[in-house]
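Inside the fold
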Amino acid sequence: MSRKNKSAKPTAKAAPISVRDSAILAADAAAALAGAHFKEATDLYKELVKRERRPEWVDGLAECYAGRANGLADKGMHRESLVLWRNRHQFCGKPLIEGPYLRWLLLAGENGEVFRLLREGAIQGHDLADLETGLAPSVLAAADKELSALPADSALLRHRPAILAALDAYGRADFGAMAEQLQAVPFRSPYRDLKPMLKALAQLHSDPAGAAEAVARLPADTPFVRMAAVLRAAVLPAPYWLAAMHKLDDDSRHMLLDVKGCPAAQRPLLLELAKQAASAAPPPTALFDLLMRHRRALPDGVAAALCRRLLPSASARLNQYISSFGKLSDAERQHVLALAGEYGGERRSVQHWRRMAGMISDGPKQKKRAALIWWHLADVDYPEMDPDARLSYLKRSVALDPQSQPVQLALVKCLRAEDDRADAGPALKAALAQFPDDVALLREAVDMALEAKAFKKACGLAKRVLELDPINTEVRALTGRALLSHARKLIKAGKREAARKELADAAEWLRTPAERASLHLLEAFARDGDAPDAHWQKVAAELGGSAAAAFRLLLEAGRTGRDAKSLLERAGLGQLDTPAPAAVLALADALMEARDDERLARAALLPLHDALWHAAGAPYAEAEQARVCDAFLSCREYNLLEKYAATGIEKWPHRPVFVYYFIVAGHGDRPEDMSEADFALLDKAAERAAAEGDLRLHRRITRLLDQVANAGFNPFDDAFDDRFDDRLGDPSFDPSDGGFVSPHMMLRAMLEMGGEKAFVKLARDMLGSGEVDALKTALGGNKKAFHTALINLMAAAAPPGIANPPPFEPARIVAPAPAKKPGASNKRPPLRAQQKDLFDE
């Protein structure tokens with residue numbers, strides 16, 4: 001049963017103001033004024049002043065009128081605020097011409113009152129100058145008969161003829177006469193802001209940058225505010241001035257179009273375009289429709305050309321275009337379809353590009369355009385793109401336009417990337433014949449000479465690069481390293497004198513401590529038996545001592561064909577203790593420098609295995625442990641990599657970087673043999689890396705996952721067909737159990753065969769558009785990561801037609817308990833049974 005609310009007790013009715021005590025009224029009035037309740041305070045003070053004109057009460061009433069007037073002015077109600085300000089003057093005896101009164105007169109448009117005050121001399125000094133400046137736009141636009149009320153000596157009248165003459169000269173485009181008239185306007189004239197405005201208008205088309213600088217210096221409080229707004233819009237580049245135009249009033253918009261020289265017939269088009277640009281970026285279809293509505297206002301051919309440029313983004317309007325402007329040529333149609341396909345992410349755009357290039361290649365004036373198409377095709381990252389196709393595209397581009405240096409360079413780089421030395425040499429020679437002083441091409445020549453171990457030639461080419469680009473520090477170091485490589489070659493051939501000469505030349509180019517240490521080591525090799533033990537020990541100290549020095553000495557011994565065992569003894573490195581973390585980090589740096597000589601680097605590392613194995617548990621920082629792992633990975637030293645990665649997992653159980661190194665080391669050079677459990681664990685490590693902002697690690701893991709997934713299933717592989725046929729002959733085989741191919745492989749095949757658009761549509765049907773869009777946004781446009789994540793989610797969701805896979809749980813692995821000895825098998829170490837999920841925090 002509901003209870004009735006008790007009615008509130010009636011409040012006592014306040015006594016009328018007329019019968020209340022003056023002291024109480026004064027206190028109430030002061031409180032209302034302090035609380036900015038100006039209307040209430042005005043009534044109270046008026047009653048008090050009626051009783052007695054005490055100064056404090058009169059001042060309070062004046063303050064109330066001023067407060068109410070300012071409040072109305074803030075709302076743009078300037079006429080109403082003037083009424084209250086005049087009441088303040090009439091009832092409180094306060095001066096009328098003070099504070100904001102004159103400014104309100106101008107804003108309210110009461111020019112007649114302003115003219116009267118000026119004629120009567122009621123305004124003097126600073127107020128007079130400010131008033132004349134504020135009145136300048138009205139005086140300039142007023143009829144002559146309206147100005148008779150102004151004093152004859154007013155600056156507004158004295159400077160007005162010169163400004164009007166300058167405006168008339170601008171209208172005639174007689175900028176010399178305009179400048180002459182503006183010289184007659186003094187610096188302190190009420191019209192002074194018009195001088196830079198007119199100058200900016202005059203140079204708007206001849207010197208846009210100068211006009212923009214002049215407009216930027218205009219004062220923000222100029223009385224010619226509307227003209228300033230027009231100028232600020234006029235100096236903006238297209239299309240920004242269109243968006244700014246929409247914010248102006250109607251008269252200002254037409255003034256802006258006058259300044260821009262826009263014909264009257266085209267103004268409706270620009271005004272509508274400005275409206276669209278101000279709200280948001282209009283879609284291409286809306287722009288197409290806008291042009292079609294106003295096409296007759298544009299010069300002949302302009303509407304057709306603009307609409308044709310919009311067609312790739314508005315391909316749904318193709319038939320409308322044809323019905324209005326006629327058919328496209330075959331090449332133009334292929335161009336539109338190719339661009340439309342690229343904008344939509346469709347791979348068949350390649351076919352349209354190829355057809356277009358074939359159609360225009362025969363025309364002598366179109367050869368460069370066709371060459372650009374083939375170059376574009378070579379740079380498009382389509383899944384089906386193979387190196388042979390890219391090479392073919394680049395060769396066609398070069399054949400059509402041999403004068404294009406970027407394409408020549410791209411062809412050389414592509415041939416080198418494919419290790420096609422037979423074709424790379426002639427291609428580089430042909431490119432250098434066209435561009436003999438091109439630094440990028442000469443750099444390629446230096447690298448190719450080094451790869452061919454033509455060190456003397458590489459040095460000559462590197463010096464040529466430095467003649468053209470003296471501050472190229474990379475080539476300077478490359479020159480020094482080329483001389484070192486040539487010296488190694490001479491030492492190996494027993495030509496020690498010539499080697500010492502090369503090393504002396506190399507000393508001029510090498511700068512870093514590591515390079516200088518390598519130089520001193522080779523100098524010792526060049527002296528061979530003449531070098532005393534003290535020299536070898538000094539070199540070892542320069543090389544970082546301990547493991548790093550031993551590794552560098554063993555590496556150089558391998559490069560120069562020397563026996564390193566005795567040299568290690570002479571350098572005091574015969575028996576190595578477990579190296580300290582600093583020494584292991586120095587060794588990691590040396591390994592990274594030697595990664596191009598992987599075979600020799602691994603051989604030089606072999607005698608150091610025991611010492612490095614026992615140093616894995618040293619107190620490294622997390623970044624240092626990862627740095628050492630990366631060094632071992634660079635030379636494919638999987639045994640030590642697994643040891644250091646496992647130790648890293650034990651110290652930092654949730655860090656994805658060590659999970660990545662551990663799994664890579666466990667599978668070595670055959671990542672395609674990776675188990676589904678390891679695949680899932682790597683996928684989770686990639687998610688963790690992305691969440692932590694480690695985009696480099698995320699990319700590395702994603703590339704590995706793609707490599708594994710792509711290696712696992714090829715629908716066009718005969719061996720796969722044979723395996724499938726064999727399984728069909730097995731009476732125990734049931735295709736619905738998914739045993740012959742994993743869901744991940746099947747989904748990836750669907751992506752490759754059906755295209756991205758169809759695959760994403762399937763994902764939206766299975767997972768929902770919200771989840772797919774959120775995933776795409778989170779991965780920041782990385783297509784490979786996006787596809788991999790979709791495949792994992794769809795496999796877990798068991799889509800129709802693909803059987804449920806085994807549970808895709810992360811593997812329960814961490815650091816090994818007993819350490820694996822060097823030389824042991826590549827079998828993964830045992831795992832701690834008590835360890836839970838690697839990423840279970």
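From a predicted model like this one, the values you see are computed outputs, not experimental measurements. (Residues numbered from 1 in each chain as written. Predicted model: local features only at pLDDT ≥ 70, side-chain atom pairs only at ≥ 80, totals over all residues. Heavy atoms only, no water.)

A few points about the overall build of the protein chain
To be explicit about the condition: Think of it this way: any DSSP run of H or I at least four residues long counts as a helix, any run of E at least two long counts as a strand, and we number them from the N terminus. Between buried and exposed lies partly exposed: a residue is buried under 20% and exposed over 50% of the maximum accessible area for its type, with that area taken using a 1.4 Å probe on protein chains only. Any two residues whose heavy atoms approach within 4.5 Å are treated as being in contact. With residues, only the protein chains shown are counted as cover, and all accessible areas are computed by Shrake-Rupley using a 1.4 Å probe.
For the protein chain, the count of helices and strands is 46 helices and zero strands. Relative to its 841 residues, the protein chain shows a buried fraction of 44%. For the protein chain, the proportion of contacts with a sequence separation of at least 24, taken over those separated by at least 6, is 58%. On the protein chain, roughly 43,900 Å² of surface is accessible, and the fraction owed to carbon and sulfur atoms is 53%.

Quick look at the nonpolar core
Using the following cut-off: By convention a nonpolar core is built from buried Ala, Val, Leu, Ile, Met, Phe, Trp, Tyr and Cys residues, the set being connected through side-chain atoms within 4.5 Å.
Phe 551, Leu 605, Leu 612, Phe 632, Tyr 644, Tyr 660 and Tyr 661 are the most contacted members of the largest nonpolar core, which totals 128 residues. For this core, the element with the most residues is helix H39 (residues 656–667), which contributes nine residues. Leu 612 has contacts with Pro 579, Val 584, Leu 587, Leu 605, Phe 632, Leu 640 and Tyr 644, leaving out every residue within four places of it along the chain. If you look at the next biggest cluster of nonpolar residues, it comprises 45 residues, including Ala 200, Phe 224, Met 227 and Ala 228.

Remarks on the packing of helix H21 (residues 349–360) against helix H22 (residues 367–379)
Stated formally: A fitted line through C-alpha atoms serves as each axis, taken over the contacting stretch for helices, and the angle formed by two N-to-C directions is quoted from 0 to 180°. These descriptions rest on fixed angle ranges, namely under 35 degrees for roughly parallel, over 145 for roughly antiparallel, 65 to 115 for roughly perpendicular, and the rest for oblique. What makes a crossing left-handed is the near helix being turned counterclockwise from the far one by less than a right angle; a clockwise turn instead makes it right-handed. Nonpolar residues are Ala, Val, Leu, Ile, Met, Phe, Trp, Tyr, Cys and Pro. Charged residues are Asp, Glu, Lys and Arg, and all others, Gly as well, are polar.
Across the interface, H21 lies against H22 with an axial gap of 9 Å and an inter-helix angle of 155°. If you check the angle between H21 and H22, you find them roughly antiparallel. You can see that H21 and H22 cross each other, and the crossing is left-handed. Residues Val 350, Trp 353, Arg 354, Met 356, Ala 357 and Ile 360 of H21 form the contact with H22, whose participating residues are Lys 367, Arg 369, Ala 370, Ile 373, Trp 374, His 376 and Leu 377. Looking at side-chain class alone, the contact of H21 with H22 contains nine nonpolar, one polar and three charged residues.

Topic: the packing of aromatic side chains
Quick reminder of the rule: Put simply, two rings from Phe, Tyr or Trp (the six-membered ring, in Trp's case) pair if the centres are within 6.5 Å, and we call them stacked under 30 degrees between planes, edge-to-face over 60, tilted for the rest. By the criterion adopted, a ring carries a charge over it if an Arg CZ or a Lys NZ lies within 6 Å of its centre and within 35 degrees of its normal.
For the structure shown, the criterion picks out nine aromatic pairs. Pairing Tyr 660 with Tyr 661 gives two aromatic rings, centres 5.4 Å apart and planes at 50°, and the pair type is tilted. The class of Tyr 660 is buried, set by a relative accessible area of 7%. For Tyr 661, a relative accessible area of 3% puts it in the buried group. For Arg 88, the ring lying beneath its charged end belongs to Trp 85, and the centroid distance is 4.3 Å. Above the face of the Trp 241 ring, Lys 260 is positioned so that its terminal group lies 5.0 Å from the ring centre.

Considering H22
Operational definition: An expected span of 1.5 Å times one less than the residue number is assigned to each helix. Regarding the arc, it is the one traced by the directions from the helix axis to the C-beta atoms.
Relative to the 18 Å expected for 13 residues at 1.5 Å per residue, H22 spans 19 Å between its end C-alpha atoms, a close match to the ideal helical length. By the burial criterion, the buried members of H22 are Ala 370, Ala 371, Ile 373, Trp 374, Leu 377 and Ala 378. Buried residues of H22, seen end-on, are gathered within an arc of 155° and therefore sit on one face of the element. Residues Lys 368 and Leu 372 are exposed on H22 and point more than 90 degrees away from its buried face. Contacts made by the buried residues of H22 are with H21 and helix H23 (387–400).

With respect to unusual backbone geometry
Of note, the phi angle at Ala 36 is positive, near 60°, even though the residue is not glycine. Structurally, the position occupied by Ala 36 is in the loop between helix H1 (22–34) and helix H2 (38–51).

Description of the confidence of the model for the protein chain
The criterion, for reference: Residue-level confidence of the predictor, termed pLDDT, takes values from 0 up to 100.
Residues at a pLDDT of 70 or more form 81% of the protein chain, whose mean pLDDT is 78. Counting contacts from residues 713–741, a segment whose pLDDT is below 50, to residues more than four positions away or on other chains yields 24 contacts. Low pLDDT, under 50, characterises residues 798–841; the predicted model gives this stretch 100 contacts beyond four residues in sequence or across chains.

Some details on the environment of Glu 508
Relative to the assigned elements, Glu 508 resides in the loop between helix H29 (496–506) and helix H30 (513–527). A relative accessible area of 52% means that Glu 508 is categorised as exposed.

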